[in-house]
Amino acid sequence: GLWGTVFSTALVWWMFISPDPAIASRHSHVLLSTGMFVSMGVLVSLLLGRLQNTTGQLTDVLGVLRATNQQLESRVRMRLGGIVSSALDAIISVDAERRIVLFNAAAETMFGCTEAEALGRTLDPFIIGFNLAQDQSAKHHGNARAHAPEVHALTGRRADGEEFPIE
C-alpha cells in the first residue's frame, strides 16, 4: 500500500504538475493537494494493514471457537446418548417431517424393531391414531378443544403387527 501511494504520487506529480518549481511554490494549493493525497494514501495503507492483521486474528479465534464448539457438542451427544440409551422408557425422536432420528433400546424392545430399521422411517407404522398435522392445524385455526388438556388414547404397533396401548 505504501509503495502504491509513493508510485501514484510520483505519477500524478509527473503527469499533472508543471515541472517549473516556481509555479508550484506560487500555488500553495498544489503542494497542499499533493500533501493531502500522500497523507490519505499512507492512512489507507496503514488502516488496510491493521484490517488484515485483525482479520487474521479473528480467523484464528473463529477456528478455536469452532473446535471448542465441536468438543462441547460431542460431550453433550455422549451424555444425552448415555441418558437416552439407559432409559427404561421407550424414547423416539422425530424431525419436522416425522422421520425417526432417535430410537433407544427400550423402543427397540417395545416395538420389536432395531434402531437401524427404525431410523429414517416415519412414525406412522409405529403409532396408530396419531396425526400431528391435524393436531397442529386445529391449534393454528383457534379450535378451543385443541387447546384444552386432553388425553389421547393412542395405539402402538409392533413390527409383528401386534397392537398395544401407549401414552
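Here is a short report on the structure shown in this document. Here the structure is a predicted model, which means the values were calculated and not measured.

Cut-off values and rules
Residues numbered from 1 in each chain as written. Predicted model: local features only at pLDDT ≥ 70, side-chain atom pairs only at ≥ 80, totals over all residues. Heavy atoms only, no water. Helix = DSSP H or I, 4+ residues; strand = E, 2+ residues; numbered from the N terminus. Buried < 20%, exposed > 50% of the residue type's maximum accessible area, 1.4 Å probe, protein only. Contact = heavy atoms within 4.5 Å. Pairing = 2+ DSSP bridges. Salt bridge = Lys/Arg side-chain N within 4 Å of Asp/Glu carboxyl O. Phe/Tyr/Trp six-rings, centres within 6.5 Å; stacked < 30°, edge-to-face > 60°.

**Notes on the overall build of the protein chain**
Phase 1: The secondary structure content of the protein chain amounts to seven helices and five strands.
Phase 2: When the elements of the protein chain are put in sequence order from the N terminus, they spell out α-α-α-β-β-α-α-β-α-α-β-β.
Phase 3: Looking at the protein chain as a whole, 15% of its 167 residues are labelled buried.
Phase 4: A sequence separation of at least 24 residues applies to 36% of the contacts in the protein chain between residues at least 6 apart.

**Let's talk about the sheet that holds strand β4 (residues 154-157)**
Phase 1: Ordered by their spatial adjacency, three strands build an open sheet running β3-β4-β5, and the pairing between neighbours is antiparallel. Each edge of the open sheet carries a strand with a single partner, namely β3 (127-128) and β5 (163-166).
Phase 2: Summarising the sheet, β4 and β5 pair through four bridges and their orientation is antiparallel. Of the residues in β5, the one forming a bridge with Arg 157 is Glu 163.

**Considering the pattern of salt bridges**
Phase 1: Applying the stated criterion across every chain, the model contains four salt bridges.
Phase 2: The shortest N-O distance in the salt bridge between Glu 73 and Arg 77 comes to 3.4 Å. Of this pair, Glu 73 and Arg 77 both sit in helix α3 (residues 28-86), four residues apart, roughly one helical turn.
Phase 3: With relative accessibility at 57%, the residue Arg 77 sits in the exposed group.

**Re the pairing of β4**
Phase 1: Only one face of β4 is buried: it carries Leu 154 and Gly 156, and the other face, with Thr 155 and Arg 157, is open.
Phase 2: Note: β3 against β4, two bridges, orientation antiparallel. Bridging from a neighbouring strand, Ile 128 pairs with Thr 155 of β4.
Phase 3: Hairpin geometry of β4 and β5 is characterised by an intervening segment of five residues between the two adjacent antiparallel strands and by a positive phi of about 95 degrees at Gly 161.

**Details of the packing of aromatic side chains**
Phase 1: Using the criterion set out here, one finds four aromatic pairs in the structure.
Phase 2: Taking 5.4 Å as the distance between ring centres and 80 degrees as the angle between the ring planes, the aromatic pair formed by Phe 111 and Phe 126 counts as edge-to-face. On the criterion of sequence distance, the pair formed by Phe 111 in helix α4 (residues 105-111) and Phe 126 in the loop between α5 (115-118) and β3 is long-range, its members being 15 residues apart.
Phase 3: Accessibility expressed as a relative area gives 3% for Phe 111, which makes it buried.
Phase 4: Between Phe 111 and Phe 164, the aromatic rings sit 5.6 Å apart at their centres with planes inclined by 55 degrees, giving tilted as the arrangement. In this pair, Phe 111 sits in helix α4 while Phe 164 sits in strand β5, placing the two residues 53 residues apart along the sequence. Note on accessibility: Phe 111 and Phe 164 belong to one class, buried.

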